[in-house]
Amino acid sequence: MKAFTDGEEVLSPKPPAPEAKFKVLDRKRAEELSQAQRDHLGSHLLLGILFTRAGALDDAERELKALARTNPQSPIPQNLLRDLESLRR
């Protein structure tokens with residue numbers, strides 16, 4: 001992102017950090033995710049997948065970390081978190 005301060009161009013984040021990106025969900029998708037959260041509270045796997053598909057990666061990460069905490073012996077949450085990290089690049 002470029003900004004100008006006192007006539008000087010400022011980049012954020014500063015290189016070599018990756019470019020900042022964000023996505024705005026459309027109203028329908030946001031409502032679907034909110035409904036899924038209400039209907040499937042505690043279903044961290046389902047919510048993690050739905051958030052990932054919607055591009056809400058911070059929310060997906062939160063759900064997948066909760067899944068990992070509740071299933072410490074399963075490799076699935078760690079694999080999904082690694083896949084999620086690769087989407088961030």
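Before reading further, recall that the structure is shown in the block above.
The rules behind the values
- Residues numbered from 1 in each chain as written.
- Predicted model: local features only at pLDDT ≥ 70, side-chain atom pairs only at ≥ 80, totals over all residues.
- Heavy atoms only, no water.
- Helix = DSSP H or I, 4+ residues; strand = E, 2+ residues; numbered from the N terminus.
- Polar contact = N/O pair within 3.5 Å; in protein donor to acceptor, adjacent residues only side chain to side chain.
- 1 Å grid on protein atoms, 1.4 Å probe; cavity = no way out; pocket = protein on both sides within 12 Å on 5 of 7 lines; lining within 4 Å.
- Points joined across faces, edges and corners; volume = space filled by probe spheres on them.
- Nonpolar A, V, L, I, M, F, W, Y, C, P; charged D, E, K, R; others polar.
- Axes fitted to C-alpha atoms, helices over the stretch in contact; angles between N-to-C directions.
- Parallel < 35°, antiparallel > 145°, perpendicular 65-115°, else oblique.
- Contact = heavy atoms within 4.5 Å.

Q: Go over the environment of N71 with me, naming the residues and quoting the values.
A: Mapped onto the fold, N71 is located in the loop between α3 (57-70) and α4 (76-88). Looking at N71, its side chain comes within polar contact range of the side chain of T70, at 3.0 Å.

Q: Mind laying out the layout of surface pockets, listing which residues take part and the relevant values?
A: Reported here for the largest pocket is a volume of approximately 420 Å³. For the largest pocket, the lining is made up of 15 residues, of which K21, F22, G55, L57 and R88 are closest to its centre. Counting residues per element, the lining of the largest pocket draws most heavily on α3, at three residues. Split by residue class, the lining of the largest pocket holds seven nonpolar, one polar and seven charged.

Q: Tell me about the packing of helix α1 (residues 27-39) against helix α2 (residues 44-54), and please be specific about residues and values.
A: At a minimum axis distance of 10 Å, the contact between α1 and α2 shows a crossing angle of 170 degrees. Viewed along their axes, α1 and α2 adopt a mutual orientation that is roughly antiparallel. Note on element contacts: α2 touches α1 through L47, L50, F51, R53 and A54, opposite R29, L33, A36 and Q37. Taken together, the residues of the contact of α1 with α2 sort by class into six nonpolar, one polar and two charged.

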